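# Reading the structure
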Amino acid sequence: MQPITTKNEFPPLDLPYEELKSYVLQAIRFQSSSFQFSSLNYNLCETIYKDGAGFEKSDYVKYEKKLAPADENRVREIIWDLIIQRVLTIGSYQGPNWPHISLTQYGAKVLNSSEPVPHDPAEYIKRVLREIPEIDPVILIYLTESISTYNINQLLSAAITLGCASEKALLLLIDAYADSFKDEKDKLRLIQKVNNRMIKRQFEEFQKEFNRTSGGLPPELTDNYQNIFLGVFEMFRNQRNSAGHPTNHTVYKEMLFANLQVFITYCKFIYQLINYFKSNSHD
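Now for a description of the structure that goes with this document. Each chain carries its own residue numbering, running from 1 in the written order of its sequence. Restriction of local features to residues with pLDDT of at least 70 applies here, the model being predicted, together with a cutoff of 80 or more for giving and counting side-chain atom pairs; totals for whole chains, interfaces and linings are based on all residues. Hydrogens and water molecules were not included; the side-chain quantities draw on all heavy atoms of the structure.

### Structural notes on the environment of Thr 161
The test is simple: Counting from the N terminus, the helices are the DSSP runs of H or I reaching at least four residues and the strands are the DSSP runs of E reaching at least two. The contact definition used throughout considers only heavy atoms, calling two residues in contact when any of these lie within 4.5 Å. In protein, a polar contact requires one atom able to donate a hydrogen and another able to accept it; more generally it is a pair of N or O atoms within 3.5 Å, and residues adjacent in sequence count only if both atoms are side-chain atoms.
Within the secondary structure layout, Thr 161 lies in helix α7 (residues 155–179). Through-space distance from the C-alpha of Thr 161 to that of Leu 273 is 23 Å; in sequence the pair is 112 residues apart. Those residues in contact with Thr 161 that sit more than four places away from it in its chain are Tyr 142, Glu 145, Ser 146 and Thr 149. A distance of 3.4 Å separates a polar atom in the side chain of Thr 161 from the backbone nitrogen of Ser 146.

Below, the structure is given as C-alpha cells:
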C-alpha cells in the first residue's frame, strides 16, 4: 500500500456559492454556540473531505484541514452573509472581536430545526424537488425569490412572493379539479365562476364545489385538507395582501421562517390532490 501523502491545503473547491454555504452550515452544527473562524474551517474541511465534494478524492491522499486562500475568503463572505441574516454575530465569551463568532438566539433555532431552512437555499430547493418532482416551474421561481429576499431581510417582498407561489399552486389545483368532472358542462360551469376572478373568489368557488364532492376522497386527503390546506392557504394569502398594500404592516422574520418551512408540506399536499384528480373523475 502506498504511504499516505499529506498536503498543505485543499485544492481549490469547484463549488458554487450556495453549495459551499450548505457545507458551512453543516460545519457550524458541529461547533459550540461560540467558536473561532479557524475551528470552523477545520470542521468545514472535515465535512467536505468526507463527502468528497469539489475535488477528486483518493484513499492515498490526505489533506491537512486547511482551505486554499481563495476558498477561505469565500467562507468569510458566507459568514458575513449569515451575520446579515442574524444567524451569527461577531464576538464570543472568549473575545468581543473577529475571529470569535457566536450563534444568535435566532441562529440556534435555525440550526436546530429538523425541517429545511431558507438560510440553506441549495438544500431547501433539493428537498422541494425531491418531495415534489413535478412542481410547476412558476411555483419554483416565486419560491426561490421568496427565499432570496428573506435572506437579505426584505421580508415584505418575501411574503408577497411566497403568497404568489401559493396562489399558483391553488390555480393548478382548481384546473385539475375542473378537468376531473365527468360532465363537460360542469367543468365549464366552474371555469366560468373562477375565470378572471380575484384569488379569494376562486378559492371560495373551489371550496363550494370541493365540499360537494369530497365524500369520495380517501380519508387521509379529506383530513389533511382541513388540517394542512385551508388554514395555510389563508395564512399565505393574508400575509401577501397585507405586505402588498401600504398599511404599515410588519412581517416578522421568525413568522416568515416558519411559513417557508411549512410551505413544502402544504405544496406537497396540493400536488397529492392534483394527482388524485388526474386519476379520478367525479360528478
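### Here's the deal with the environment of Thr 144
Heads up, the rule is: Accessibility here uses a 1.4 Å probe with only protein chains present; expressed as a share of the type maximum, an area under 20% marks a residue as buried, one over 50% as exposed, and anything in between as partly exposed.
Residue placement: Thr 144 occurs in helix α6 (residues 137–151). Classification of Thr 144 by relative accessible area gives partly exposed; the value is 34%. Between the C-alpha atom of Thr 144 and that of Ser 38, which follows or precedes it by 106 residues, the distance is 32 Å.

### Digging into the sheet that holds strand β4 (residues 88–90)
The criterion, for reference: Being paired, for any two strands, means DSSP has found at least two bridges between them. Note on definitions: angles span 0 to 180 degrees between N-to-C directions of axes, and those axes are lines fitted to C-alpha atoms, for helices only across the stretch in contact.
Strands sit in the order β2-β5-β4 across an open sheet of three strands; the sheet is antiparallel. The open sheet has two edge strands, β2 (34–36) and β4, and neither has a second partner. If you compare each strand with its neighbour and ignore which way they point, the axes differ by 30 degrees on average. Note: β2 against strand β5 (residues 100–103), three bridges, orientation antiparallel. Directly across from Phe 35, in β5, lies its bridge partner Ile 101. Packing against the sheet, helix α2 (residues 37–51) makes contact with β2 and β5, and its axis sits at approximately 85 degrees to β2.

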